[in-house]
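Chain residues, written in single-letter form:
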Amino acid sequence: MADLTINNVNKFYDKTQVLFDVNLSIKDGEFIVLVGPSGCGKSTLLRMIAGLEDINSGEISLGNKVINQLAPRDRDVSMVFQNYALYPHLSVAKNIGFSLRMRKVEKSIIDKKVADAAEMLGLTHLLSRLPRNLSGGERQRVAMGRAIVRDPEVFLFDEPLSNLDAKLRVMMRNQIKEIHYEVKTTTVYVTHDQIEAMTMADKIVVLNGGIVEQVGSPDELYDNPSNTFVASFIGSPSMNQIHGKIVSEKGKKYFQSKDNSLFLLPENANISEGQEIIYGFRPEHVDINQAASDDAINLTVKVDQPTGSQSLVFANVGDQEICLDVPKSHLLKPGNEFKMSPQLDNIHIFDSETGKRI
Amino acid sequence: MIRWDKRIKLLFLLPAVIWVLALTIAPLFFSLYLSFTDVKREVVITGVEEIPILDKDGNPKTRSDGSIRTKKVKQKELQIKYDWVGFKKYKRVVNDQEYQDAAKFTFIYVIISVFVEIVLGLFLAFLFNRRIYGRGFMRSLMILPIFATPFAIGFMFFTILFEVSGPLAWMGIPFLSNHNWAPFSVMLVDIWQWTPFCFLVFLAALQGIPDDLIEAATLDTKSAYKIWTSVILPLLQPIIVLVILLRVAESAKLYDYIASLTKGGPGTATQSVSFLVFNKAFKMNDFGYASAGSFLMLIVVMIFVMLFFTRLRKTYE
Ligand SMILES: Nc1ncnc2c1ncn2[C@@H]1O[C@H](COP(=O)(O)OP(=O)(O)OP(=O)(O)O)[C@@H](O)[C@H]1O
Ligand SMILES: [Mg+2]
């Protein structure tokens with residue numbers, strides 16, 4: 001059992017740098033999710049941990065051993081690939097047992113471990129099938145089985161659920177969590193789906209353009225995003241972000257948007273009058289109509305999207321569209337006016353130049 | 001959509017059907033028939049005719065009595081007779097030392113050259129399957145032999161291996177005049193021409209293997225040999241079987257190289273079945289023997305092909 005440490009790692013493909021000074025420390029048994037938009041370097045980082053890409057500078061260590069120079073097979077990591085990478089000529093049982101056979105484990109032990117893994121993943125009745133005769137979800141489970149039989153130090157998952165339909169994805173999410181709960185192996189999980197990240201992670205690493213934007217628990221990222229990128233990336237629908245500046249009126253601080261709407265600010269906010277900021281609040285953190293405060297602003301419904309008991313209401317503040325997640329109401333139909341005030345406790349303020357949280 | 005009448009569809013198919021029947025099926029059955037017959041060419045006198053004798057100006061010569069001088073000319077006709085002889089020709093072929101030798105040579109030739117082509121093709125494909133300098137150029141270069149005419153290549157190698165003044169004469173090896181070396185020389189030609197084909201097919205197949213399969217394997221083993229034997233070769237297997245099939249069917253017909261390189265010699269050391277059969281038919285007019293010999297060969301190759309096809313089908317299903 002060991003911690004995984006990534007220290008000032010840089011990666012270049014020819015002359016283009018795709019990872020910039022990445023630092024991470026992952027505790028033994030933690031479930032880490034790397035999340036970020038397409039092309040931000042998630043797979044690259046994961047493959048560097050696996051040893052499939054070399055490291056241009058910096059160190060990756062497992063326990064207190066630097067593994068930069070180790071061959072992939074000596075790193076004691078196992079990986080689940082996005083397209084599963086099942087060997088098409090081998091049965092499910094042979095696929096799962098492959099790594100053990102390569103390590104010359106005794107046949108009886110292999111059989112036992114394969115049977116156990118299959119049991120855990122509900123694959124027992126499929127053991128003699130070839131991968132091409134399996135459904136997507138079954139293939140996915142075989143790929144997981146292949147990773148677990150070996151009891152590695154670290155599991156690496158590269159977008160393992162992206163080829164599954166929505167329902168199956170939710171199911172597999174639970175199954176992966178369950179397995180992690182059972183085997184407690186350190187896991188690095190790559191996804192570009194923030195919901196996957198929020199629901200599965202002990203700790204989320206938000207990557208953007210090869211830079212680590214923020215590392216933290218799902219709650220930390222949700223409650224205290226350290227910059228506008230994380231703020232808009234985590235949470236669905238995204239946080240509303242309005243540009244404007246600080247004004248004072250009647251001894252209270254307000255945020256004034258470009259169209260001169262005024263939003264009340266919390267008193268303890270560390271900002272001064274005239275400062276240009278980005279004012280952020282999540283769609284779900286607003287009060288409307290009767291519930292709204294005295295400082296509420298008036299808005300007109302542009303579009304409403306019912307999502308069951310709630311409804312997503314879109315409206316414009318100046319020329320900026322905002323989205324509100326509110327209880328469904330017959331009053332919120334396109335063209336209707338309503339009052340809205342963001343909840344004071346859940347307001348996020350960012351520097352308008354750097355995008356950093358204030 | 002236009003719904004064609006079934007009969008009209010057949011009408012459009014007819015030219016193709018006639019083509020196949022006329023040029024493939026009919027000759028095949030005719031030659032099958034020939035293999036059960038003794039073909040005899042006989043000159044039969046069908047009649048006698050009296051014609052005038054002409055002088056050098058083209059006028060009929062006359063006797064002193066004024067009558068025209070004539071001569072009698074037999075009218076001959078070449079008739080080909082097919083005598084049904086049952087399996088006689090097959091018995092002769094099977095028991096013929098010359099046929100046995102030719103079959104043995106052809107067999108060894110096919111086994112060795114196809115084996116070497118496959119192994120060498122795989123090895124080259126392995127070498128070229130990564131980004132190496134000048135890969136595209138080398139690949140184009142290696143395609144060239146495939147386009148050349150086998151007969152011409154035989155001649156080319158004849159000049160290369162020519163023992164008196166050829167470029168390899170200094171080696172002092174009797175490439176074409178020694179009964180041990182000559183078969184080797186013929187195989188060399190086949191290997192030279194067809195290894196590139198195997199190489200190209202295998203390279204394409206290798207490049208079709210998803211990278212993540214290989215990467216998954218490198219997480220489990222450091223040995224390139226193990227990755228080849230337990231992942232790459234099994235994945236290439238259907239292609240390898242197909243290439244073996246094509247190469248065996250093709251090289252078993254060995255004729256061109258022999259005709260231009262060794263003429264079957266020295267002695268009968270490089271006489272292939274096709275070469276022998278061709279000579280029997282068109283030099284010695286023994287069409288029965290030739291047909292029987294060809295059919296025996298065809299049967300052996302077909303059995304082999306069928307065995308391989310069932311194997312191929314199994315791996316695909
Ligand atoms: N072999 C390569 N050669 C050159 N550039 C590469 C190579 N592999 C990846 N890149 C570049 O590196 C960057 C990061 O790629 P990476 O595959 O890590 O992205 P990702 O975050 O996994 O994206 P996705 O979510 O689409 O999988 C991309 O801009 C990509 O174009
Ligand atoms: Mg990726």
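Residues numbered from 1 in each chain as written. Chains lettered and ligands numbered in written order. Predicted model: local features only at pLDDT ≥ 70, side-chain atom pairs only at ≥ 80, totals over all residues. Heavy atoms only, no water.

K.L.:
When you look at the overall build of chain A in this model, what are you seeing that I'm missing?
P.N.:
Helix and strand counts for chain A come out as eight helices and 20 strands. Within chain A, the proportion of its 358 residues that are buried is 52%. Taking all contacts inside chain A whose residues are at least 6 apart in sequence as the whole, residues at least 24 apart take part in 65%. When the accessible surface of chain A is split by element, carbon and sulfur atoms take 47% of a total near 16300 Å². Separation of charge centres in chain A, based on 39 positive and 46 negative side chains, amounts to 8 Å. (Helix = DSSP H or I, 4+ residues; strand = E, 2+ residues; numbered from the N terminus. Buried < 20%, exposed > 50% of the residue type's maximum accessible area, 1.4 Å probe, protein only. Contact = heavy atoms within 4.5 Å. Areas by Shrake-Rupley, 256 points an atom, 1.4 Å probe, with all protein chains shown as cover. Lys, Arg positive; Asp, Glu negative; His and termini not counted. Charge placed at Lys NZ, Arg CZ, Asp CG, Glu CD.)

K.L.:
Explain the domain arrangement of chain A here, please?
P.N.:
Interface size is often expressed as the accessible area that is lost when the parts come together. All names here are of chain A. The domain boundaries assigned to chain A delineate domain 1 (4–233) and domain 2 (241–351). Here the C-alpha centre of domain 2 lies 39 Å away from the C-alpha centre of domain 1. Taken together, the contact pairs nine residues of domain 1 with seven residues of domain 2. With both chains or domains summed, domain 1 and domain 2 bury close to 620 Å², and 52% of this area falls on carbon and sulfur atoms. Sorting the residues of domain 1 by area buried against domain 2 places Tyr222, Thr228 and Ala231 first, and these three jointly supply 70% of that buried surface. Going through the elements one at a time, helix H7 (218–223) and helix H8 (228–233) are the ones with two or more residues in the side of domain 1 that touches domain 2. (Domains from an automatic or database assignment. Buried area = accessible area lost by both parts, 1.4 Å probe.)

K.L.:
What is the right way to look at the packing of helix H7 (residues 211–218) of chain B against helix H8 (residues 224–251) of chain B in this model?
P.N.:
A pair of packed helices is captured by two measures, namely the crossing angle of their axes and the spacing between those axes. All names here are of chain B. Two elements in contact, H7 and H8, have axes separated by 10 Å at closest approach and are oriented at 160 degrees. On the basis of their axis angle, the class for H7 and H8 is roughly antiparallel. Regarding H7 and H8, the two cross each other, and that crossing is right-handed. Residues Leu213, Ile214, Ala217 and Thr218 of H7 touch H8, and the partners they reach there are Ile227, Val231, Ile232 and Leu235. Of the residues that constitute the contact of H7 with H8, the class distribution is seven nonpolar, one polar and no charged. (Axes fitted to C-alpha atoms, helices over the stretch in contact; angles between N-to-C directions. Parallel < 35°, antiparallel > 145°, perpendicular 65-115°, else oblique. Left-handed = near helix turned anticlockwise from the far one by under 90°. Nonpolar A, V, L, I, M, F, W, Y, C, P; charged D, E, K, R; others polar.)

K.L.:
Sorry if this is basic, but what is going on with the sheet that holds strand E6 (residues 77–80) of chain A here?
P.N.:
Picture the strands of a sheet paired through backbone hydrogen bonds; they go either parallel or antiparallel. All names here are of chain A. In spatial order, the strands read E6-E7-E8-E3-E9-E10; together these six strands make up an open sheet with mixed pairing. Whereas interior strands pair on both sides, the edge strands pair on one side only; in this sheet they are E6 and strand E10 (211–216). In this sheet, neighbouring strand axes are inclined to one another by 15 degrees on average, regardless of whether the strands run parallel or antiparallel. The pairing of strand E3 (residues 31–35) with strand E9 (residues 203–208) spans four bridges and is classified as parallel. Across the sheet, residue Val33 finds its bridge partner in E9, namely Ile204. Its contacts with the sheet place helix H1 (residues 42–50) against E3, E6, strand E7 (154–158), strand E8 (186–191) and E9, and it is angled at close to 150 degrees to E7. Sitting on the sheet, helix H4 (residues 136–148) touches E6 and E7, and the angle it makes with E6 is about 175 degrees. (Pairing = 2+ DSSP bridges.)

K.L.:
Could you clarify how one ought to interpret the site of ligand 1 in this entry?
P.N.:
Residues and elements named next belong to chain A. Residues in contact with ligand 1, as listed here, are Tyr13, Val18, Ser38, Gly39, Cys40, Gly41, Lys42, Ser43, Thr44 and Glu159. The separation between an oxygen atom of ligand 1 and a polar main-chain atom of Gly39 is 2.8 Å. For ligand 1, an oxygen atom lies 3.2 Å from a polar atom in the backbone of Cys40. When ligand 1 sits alone it has 630 Å² of accessible area, and the protein chains cover 56% of it. (Near = heavy atom within 4 Å. Polar contact = N/O pair within 3.5 Å; in protein donor to acceptor, adjacent residues only side chain to side chain.)

K.L.:
What exactly am I supposed to notice about the packing of aromatic side chains here?
P.N.:
How two aromatic rings sit relative to each other is set out by the distance from centre to centre and by the angle between their planes. For the structure shown, the criterion picks out 31 aromatic pairs over all chains. With a centroid separation of 5.9 Å and 55 degrees between ring planes, the pair formed by Tyr33 of chain B and Tyr82 of chain B is classed as tilted. Taken together, the residues span a long stretch of sequence, with Tyr33 of chain B in helix H1 (residues 6–34) and Tyr82 of chain B in strand E2 (residues 70–84) at a distance of 49 residues. Given the relative accessible area of 33%, Tyr33 of chain B is considered partly exposed. The class for Tyr82 of chain B is partly exposed, based on a relative accessible area of 35%. An aromatic cluster is defined as three or more aromatic residues linked by ring pairs; in this entry it consists of Phe30, Tyr33, Phe36, Tyr82, Trp84, Phe87 and Tyr90 of chain B. Lying across the ring of Tyr181 of chain A, Lys184 of chain A places its NZ or CZ 4.9 Å from the centre. The ring centre of Tyr222 of chain A lies 4.2 Å from the NZ or CZ of Arg282 of chain A, which sits over that ring. (Phe/Tyr/Trp six-rings, centres within 6.5 Å; stacked < 30°, edge-to-face > 60°. Lys NZ or Arg CZ within 6 Å of the ring centre and 35° of its normal.)

K.L.:
Quick question: what am I supposed to make of unusual backbone geometry here?
P.N.:
If a residue is not glycine, its phi is most likely negative; likewise, a peptide bond is most likely trans. All names here are of chain A. Along the chain, Ser236 connects to Pro237 via a cis peptide bond; the corresponding omega equals -5 degrees. Note that Pro237 resides in the loop between H8 and strand E11 (240–249). Located in the positive-phi region is Asn8, a residue other than glycine, with phi close to 50 degrees. Note on Asn8: relative accessible area 37%, which makes it partly exposed. For Asp21, which is not glycine, the phi torsion reads 40 degrees and is therefore positive. If you trace the backbone, Asp21 turns up in strand E2 (residues 16–26). Classification of Asp21 as partly exposed rests on a relative accessible area of 46%.

K.L.:
When you look at the nonpolar core in this model, what are you seeing that I'm missing?
P.N.:
Soluble globular proteins tend to bury their nonpolar side chains together. Counting 101 residues, the largest nonpolar core has Ile60, Leu156 and Val188 of chain A as its most contacted members. Residues in contact with Ile60 of chain A, not counting those within four places in the same chain, are Leu4, Thr5, Ile6, Val9, Met48, Ile49, Ile55, Lys65, Val66, Ile67 and Asn68 of chain A. (Core = buried A, V, L, I, M, F, W, Y, C linked by side-chain atoms within 4.5 Å.)

K.L.:
Can you walk me through the interface of chain B and chain A in this structure?
P.N.:
On the side of chain A, 24 residues touch chain B, which itself brings 18 residues to the contact. Counting the surface lost from both chain B and chain A, the interface buries some 1800 Å², and carbon and sulfur atoms represent 61% of this. Applying the counting rule to chain B against chain A returns four salt bridges. Arg150 of chain A is the partner of Asp220 of chain B in a salt bridge, and the nearest nitrogen-oxygen pair spans 3.2 Å. Inspection of the region where chain B meets chain A yields nine residue pairs in polar contact (both at pLDDT 80 or more). Secondary-structure elements contributing two or more residues to the side of chain B that touches chain A are H7, H8 and helix H11 (287–316) of chain B. Ranked by residues supplied to the side of chain B that touches chain A, first place goes to H7 of chain B with six residues. Broken down by class, the residue content of the side of chain B that touches chain A amounts to eight nonpolar, four polar and six charged. (Salt bridge = Lys/Arg side-chain N within 4 Å of Asp/Glu carboxyl O.)

K.L.:
What's the story with the environment of Leu62 of chain A in this structure? I'm lost.
P.N.:
All names here are of chain A. Summarising the element assignment, Leu62 is placed in strand E4 (residues 57–62). Overall, the relative accessible area of 10% leaves Leu62 in the buried class. Sequence separation between Leu62 and Asp294 is 232 residues, and the spatial gap between their C-alpha atoms is 56 Å. For Leu62, the residues in contact, after removing those within four places along its chain, are Ala2, Asp3, Leu4, Ile67, Arg75, Glu153 and Val154.

K.L.:
Even after reading the chapter, I still don't get the environment of Lys339 of chain A, so can you show me in this structure?
P.N.:
Residue and element names in this part refer to chain A. Within the secondary structure, Lys339 sits in strand E19 (residues 337–342). Along the primary structure Lys339 and Asp304 are separated by 35 residues, whereas in three dimensions their C-alpha atoms are 15 Å apart. Setting aside residues up to four positions removed in sequence, Lys339 forms contacts with Asp287, Ile288, Asn289, Ala292, Ala296, Ile297 and Asn298.

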